Amino acid sequence: MTMREQEVGVFDFVLLDEITLEKFMQNLQKRYQAGKIYTYIGEVAISVNPYRVMNIYGNDYINKYKNRELFENPPHIYAIADAAYRDLRQQNKDTCIVISGESGSGKTEASKIIMKYIAAVTNAHSQHDIERVKNVLIQSNTILETFGNAKTNRNDNSSRFGKYMDIEFDFKHEPVGGIITNFLLEKSRIVQQQEGERNFHCFYQLLRGASDAELKQYGLTRDPSNYHFTNQGSTETLSERNDYKTTQQAFKAFGFSSEEINTIWRTVAAILQLGNIEFGVQDDEIVIKNQNQLKTVSKLLCVTEAEASTALTQRVIAAHGDIMKKQHDKSQAEFGRDAFAKAIYERLFTWIVERINRAIEVPNKKLAKRFNRVIGVVDIYGFEIFEKNSLEQFCINYCNEKLQQLFIELVLKQEQEEYQREGIAWTNVEYFNNQIICDLVEAPHKGIIAIIDEACMTVGKINDEMLLEAMDKKLAHHKHYSSRQLKPMDKELKHKQDFRITHYAGDVAYSIIGFIEKNKDTLYQDFKRLLYHSNDKIISSMWPEGAQDITKITKRPLTAGTIFMKSMSDLVQTLLSKEPFYIRCIKPNDSKSSVLFDEVRVEHQVRYLGLLENVRVRRAGFVHRQRYDKFLLRYKMLSQYTWPNFKGPTDRDGVRVLLEEKRLLNDCKFGHTKIFIRSPRTLFQLERERNEMIPNIIIFLQKQVRGWIARQNYKKMKAAMTIMRVYRQLKLRSYIATLAQRFQHAKKMRDFGKSIQWPTPPIVGRRAEYHLKQMHGNWRAAMILKRYPRSEWPQLRLQIITATALKKRRKYWGQERKWLGNYLGMSTENSNYSSFNSSVNNIKNTEQYHHILFSSFVKKFNKCNKSADRSIIVTDTAIYKLDGAKNKFKNMKRSIAIREISSISISPGRDQLIVFHSHHNNDLIVNLQGEHTQLKDDRIGEIIGHVCKKYYDYTNRDLPVNVASTFSVNLGGKPRKISIEAVAGVENVGFKHAGQIIVFEVPSSYASSI
Ligand SMILES: Nc1ncnc2c1ncn2[C@@H]1O[C@H](COP(=O)(O)OP(=O)(O)OP(=O)(O)O)[C@@H](O)[C@H]1O
Ligand SMILES: [Mg+2]
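Structure report, in brief. Because the structure is a prediction, the values reported are computed rather than measured.

Counting its secondary structure elements, the chain contains 32 helices and 31 strands. Against the 2.2 N^0.38 benchmark of 30 Å for 1010 residues, the chain shows a C-alpha radius of gyration of 60 Å, more extended than a compact globule. Summarising its shape, the C-alpha atoms of the chain cover approximately 180 × 80 × 50 Å along the three principal directions. Taking all 1010 residues of the chain together, the buried fraction comes to 51%. Computed over 151 positive and 113 negative side-chain charges, the separation of the two mean positions in the chain equals 17 Å.

With eight of nine residues buried, helix H8 (residues 201–209) is to be regarded as a mostly interior element. Inspection of H8 places His 201, Cys 202, Phe 203, Tyr 204, Gln 205, Leu 206, Leu 207 and Arg 208 among the buried residues, and these make up the whole buried set.

The subject of this paragraph is the packing of aromatic side chains. This model, assessed by the stated rule, comprises 40 aromatic pairs. Between Phe 407 and Tyr 582, the aromatic rings sit 4.5 Å apart at their centres with planes inclined by 85°, giving edge-to-face as the arrangement. You can see Phe 407 sitting in helix H16 (residues 391–422) and its partner Tyr 582 sitting in strand S16 (residues 579–586), a full 175 residues away along the chain. The two residues Phe 407 and Tyr 582 agree in class, both being buried.

Attention shifts here to the site of ligand 1. The full set close to ligand 1 counts 20 residues, and Asn 49, Ser 103, Lys 107, Ser 158 and Ser 159 are the nearest of them. Here an oxygen atom of ligand 1 sits 2.7 Å away from a polar atom, N or O, in the side chain of Thr 108. Within the contact set of ligand 1, an oxygen atom lies 2.9 Å away from a side-chain nitrogen or oxygen of Asn 155. Summarising the interface, the protein chains cover 86% of the accessible area of ligand 1, which totals 620 Å² for the free molecule.

On to the coordination of the magnesium ion (ligand 2). The coordination sphere of the magnesium ion (ligand 2) contains the protein donors Thr 108 (OG1) and Ser 159 (OG), at a distance range of 1.9 to 2.0 Å. Pair noted here: Thr 108 is in helix H5 (residues 107–121) and Ser 159 is in strand S5 (residues 158–159), with a separation of 51 residues, a long-range link.

This brings us to the layout of surface pockets. Taken as a whole, the second largest pocket spans an internal volume of roughly 1,200 Å³. Tallied by class, the residues present in the lining of the second largest pocket amount to 16 nonpolar, eight polar and 19 charged.

This next bit is on the nonpolar core. Residues Phe 147 and Phe 499 are the most contacted members of the largest nonpolar core, which totals 202 residues. Here this core takes 15 residues from helix H14 (residues 330–360), the largest share from any one element. Membership of the second largest hydrophobic core comes to 32 residues, among which are Trp 813, Tyr 823, Ile 898 and Ile 943.

Along a regular strand, successive side chains alternate from one face of the sheet to the other. Burial of strand S20 (residues 852–861) is extensive: ten of the ten residues sit out of reach of the surface. One ladder, built from nine bridges, connects S20 with strand S21 (residues 867–875); its direction is antiparallel. What sits directly across from Ser 855, in S21, is Ile 873. As consecutive antiparallel partners, S20 and S21 are separated by five residues, and within that stretch Asn 865 has a phi angle of approximately 65°, a positive value. Bridge count for S20 against strand S26 (residues 924–929) is five bridges, and the pairing is antiparallel. What sits directly across from Val 858, in S26, is Leu 928.

What holds strands together in a sheet is hydrogen bonding between their backbones, with the strands either parallel or antiparallel. Across the sheet, three strands lie side by side as S13-S14-S15; this open sheet has antiparallel pairing. With one partner strand each, in any of the chains shown, strand S13 (481–483) and strand S15 (506–511) form the two edges of the open sheet. For this sheet, the mean angle separating the axes of adjacent strands, direction not counted, is 25°. In the sheet, S13 pairs with strand S14 (residues 498–503) via three bridges, with the strands oriented antiparallel. Bridge assignment links Ser 482 to a residue of S14, and that residue is Arg 500.

Of note, Gln 626 is situated in strand S17 (residues 624–627). Between the C-alpha atoms of Gln 626 and Gly 671, which are 45 residues apart in sequence, the distance is 9.7 Å. Each residue touching Gln 626, except ones within four places of it in the same chain, is listed here: Phe 71, Phe 631, Thr 673, Lys 674 and Ile 675.

Take unusual backbone geometry next. Most peptide bonds take the trans configuration, and most residues that are not glycine carry a negative phi. In this chain, Trp 643 is followed by Pro 644 through a cis amide linkage whose omega measures -5°. Mapped onto the elements, Pro 644 comes out in the loop between helix H26 (628–635) and helix H27 (651–661). If you check the backbone angles, Lys 888 has positive phi at about 55° while not being a glycine. Examined against the element boundaries, Lys 888 turns out to sit in the loop between strand S22 (878–882) and strand S23 (896–897). The phi torsion at Phe 889 lies on the positive side, around 55°, for a residue other than glycine. Position of Phe 889 relative to the elements: it lies in the loop between S22 and S23. When its relative accessible area of 0% is taken as the criterion, Phe 889 is described as buried.

This next bit is on the pattern of salt bridges. Summed over the entire model, instances satisfying the criterion amount to 53 salt bridges. For Asp 212, the salt bridge identified is with Arg 222, shortest N-O distance 2.8 Å. Here Asp 212 is found in helix H9 (residues 212–217), whereas its partner Arg 222 is found in the loop between H9 and helix H10 (240–253), with ten residues between them in sequence. A relative accessible area of 57% places Asp 212 in the exposed class. Here Arg 222 falls in the partly exposed class, since its relative accessible area comes to 32%. Here Lys 587 ties to Asp 590 by a salt bridge, and the two come within 3.8 Å at their closest N and O atoms. Taken together, the shared-partner salt bridges connect Arg 160, Glu 186, Arg 189, Glu 197 and Glu 384 into one network.

Criteria and thresholds
Residues numbered from 1 in each chain as written. Chains lettered and ligands numbered in written order. Predicted model: local features only at pLDDT ≥ 70, side-chain atom pairs only at ≥ 80, totals over all residues. Heavy atoms only, no water. Helix = DSSP H or I, 4+ residues; strand = E, 2+ residues; numbered from the N terminus. Rg over C-alpha atoms; globule rule 2.2 N^0.38 Å. Buried < 20%, exposed > 50% of the residue type's maximum accessible area, 1.4 Å probe, protein only. Lys, Arg positive; Asp, Glu negative; His and termini not counted. Charge placed at Lys NZ, Arg CZ, Asp CG, Glu CD. Phe/Tyr/Trp six-rings, centres within 6.5 Å; stacked < 30°, edge-to-face > 60°. Near = heavy atom within 4 Å. Polar contact = N/O pair within 3.5 Å; in protein donor to acceptor, adjacent residues only side chain to side chain. Areas by Shrake-Rupley, 256 points an atom, 1.4 Å probe, with all protein chains shown as cover. Donors = N, O, S within 2.8 Å, 3.2 Å for Na, K, Ca; no water. 1 Å grid on protein atoms, 1.4 Å probe; cavity = no way out; pocket = protein on both sides within 12 Å on 5 of 7 lines; lining within 4 Å. Points joined across faces, edges and corners; volume = space filled by probe spheres on them. Nonpolar A, V, L, I, M, F, W, Y, C, P; charged D, E, K, R; others polar. Core = buried A, V, L, I, M, F, W, Y, C linked by side-chain atoms within 4.5 Å. Pairing = 2+ DSSP bridges. Axes fitted to C-alpha atoms, helices over the stretch in contact; angles between N-to-C directions. Contact = heavy atoms within 4.5 Å. Salt bridge = Lys/Arg side-chain N within 4 Å of Asp/Glu carboxyl O.

Honestly, it's all geometry; don't read function into it.
So, in structure tokens, the structure goes:
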């Protein structure tokens, strides 16, 4: 949701269709009633006191306004504070925020809101001393309000002094210190309060908030009605019980020592007690009626009773070098007492402000380096009209005149300058310039202050009435001054007493009574000396003039009016050197109501604050202006030529293209750096179209961002993969390096590295390990084989197969001799070899095998328990049984296919018995033989090698070879057992059957000997 949619009325008065008081009031009221207490006039914020807690100052709001342009968010004091702080940062300018408005309109609250904002937006995680400064700036208000604010009929917490505070920033734009300047404390309130009003808060805080013990120490009772200085007006209880604690905490936060805190409260108590001193006359002598009271006061001020008594009842005059004592009369004594009370309080207040300043000042040695810029905040008592208005109101109202003057000067000047700078013609706007009233007050010789001063300086008796006459004479023709003398028909003004000034904010009748005295602000020297000699060092330090010799002629001190005028002039000078921001506060009603919008009261303020003129001046033909870059940034989505980026040479061209496309050119003027828009309609159109575009832009942005995130992820993934690849390579390399290192001498080892432990491969190297192990195996095999001639390799291979099958279960298997294979085809082995050859050729023709791998004479044992001499051949497909030589090796046609053999059984001994098991009914049980004799060598290994190899070739499985002295056989479908038994004395092997068991007898030398 955008700002305009939430708005009520117009957020800037400049955008009103018609600038009339009526429309202005309507907008203000409408907004106020909708809870929109802030509205702009350009860069000036109008604030209407809500008289209720608003939920618009939290951190969420602070963040919303941080670093934002005014127009980006609904109007708020935060926006003004941010603009001031931004100017300071970006333009390196001193800025100030001037808060004006009448009493109770919310100035002090606004100044606190500004402080809070600045404290919050400056570096949150900064160093200790910045934190300290920020806390202290905020805490300073607590103390200042305790001693400088009072309940008045207009405001329960009315500032009775003017305050200007500089917040000082270092070159990094962090707050590093501050300084508070106070103006004219309304000290008459100490001794006199109007009906319904109270004295300064501190008195009630002490009486109602301090402990019993503390009060006892000061000789006080809790009830303010017991004291003359607190019982004339209202004794209403506000929040002082808690406030007392808060004040004490603030003192501590500032590092006030306990002596200092004690002196402060003791002095406050002393003033209360002083107010209760009464004078009487006894034997023509002035006396203090209540001596006890005097005793208490003396104790509290740390002076002797005698000295205090003297100072209160007489004065010492030095004339022509002589010192004379003069007794007061009763009224002089009472005047002196009151003047004393006021002076004590004023000095205490000034001392407190100085003490606060000492705590927040930029440490001297660092000053040159660190201190850079300031934001000044002005919170000065508002314009006020009482039943009876005296010199204080005169000064306060004059002060408001000065600030109004400053406002006119700066705002107008700024506007005019801007138009000139931008090269746009300036339309003159009529407005009321209050310079004339300022002059009425401050002009040398002819101004009111000068006239009063003159009266005060006149030697001899001159009274207030004479002063009024003098003013009437000198100011008779002034448009803004009148009196009963000058206007006899004006019954509102009292004869010889009242004069009226037509202020910019309205007419105020002042009573001249007391003007001279207040302006002189007389305080008998005796009091100064008295307190200079106080035993309390702090009190003493507040009265340095008391040290002066009595006879020394002192220069006439400046009058109160002149001092005030000078301080105002200083303040104005200070403000003139800064970039100003304004908050103009309006009080909606006089009953502190959060709902009432008193049109008459508000309209009056709108008039005298010159707000309407302000709007006119601001508008001067144009409702809106904006720097080209910022304008383009805000509205560039409205034109295809400027979205997403304008390609032309300058932002100004971009703005032109955009406005041209929207056909709005006629309503705009091009300044040097800014675009000026004439009517609100144009601005609203731009805003409306912008709002319509925003959802699309958000989608577009989301798209972009998502794309960006995806690209980022992809890049990350790629990077991760590269890292992984390189990492794997590295791991693999280091694995290979370790391997190479371990195996570097493998070639020279007997086992060619078989015993070397392989390093654990990285995950990525597991496959490599498998292959490498194979390679190593092959290499090792090759290395071993290298020792043998190639012609022996087939036999070696067979021997390996046999060795693997036997698993060391039989010691002798012919491994040491040469394996010749087809023995029966050899003349040395078979005398009938040619008959054998022709027989196997026949077989070959019919049975289709390729080679004869092995052949041998055998003694065969059959299912009929007969053993017969036969022969076998092992070919690449099957084992054939042939008849013996007598029958010319005839094929018995009982072959066993090699793939059908299920296992082989042999004994562990030296005999040549071998059984081929199959799933057929008859296992083949044979003993390998020579032509007529037992074999001399062992051929069991050789036949096993051939059969196992072929079996593997066909089935890819190892043929199980069983090595035992007793094992089962199957003959004619019946399970039988063969037992190989060595029999002593037997020369030749032979089968014997004994029922189930077939005994294969062997000579004892054949016995198993593993
Ligand atoms: N923004 C605000 N939110 C809530 N309450 C406010 C706000 N501003 C002012 N008030 C109420 O109005 C009262 C008077 O305001 P404040 O003391 O700031 O007036 P002021 O202009 O400083 O008057 P004076 O000239 O008498 O010092 C406050 O005590 C508070 O109750
Ligand atoms: Mg105030």
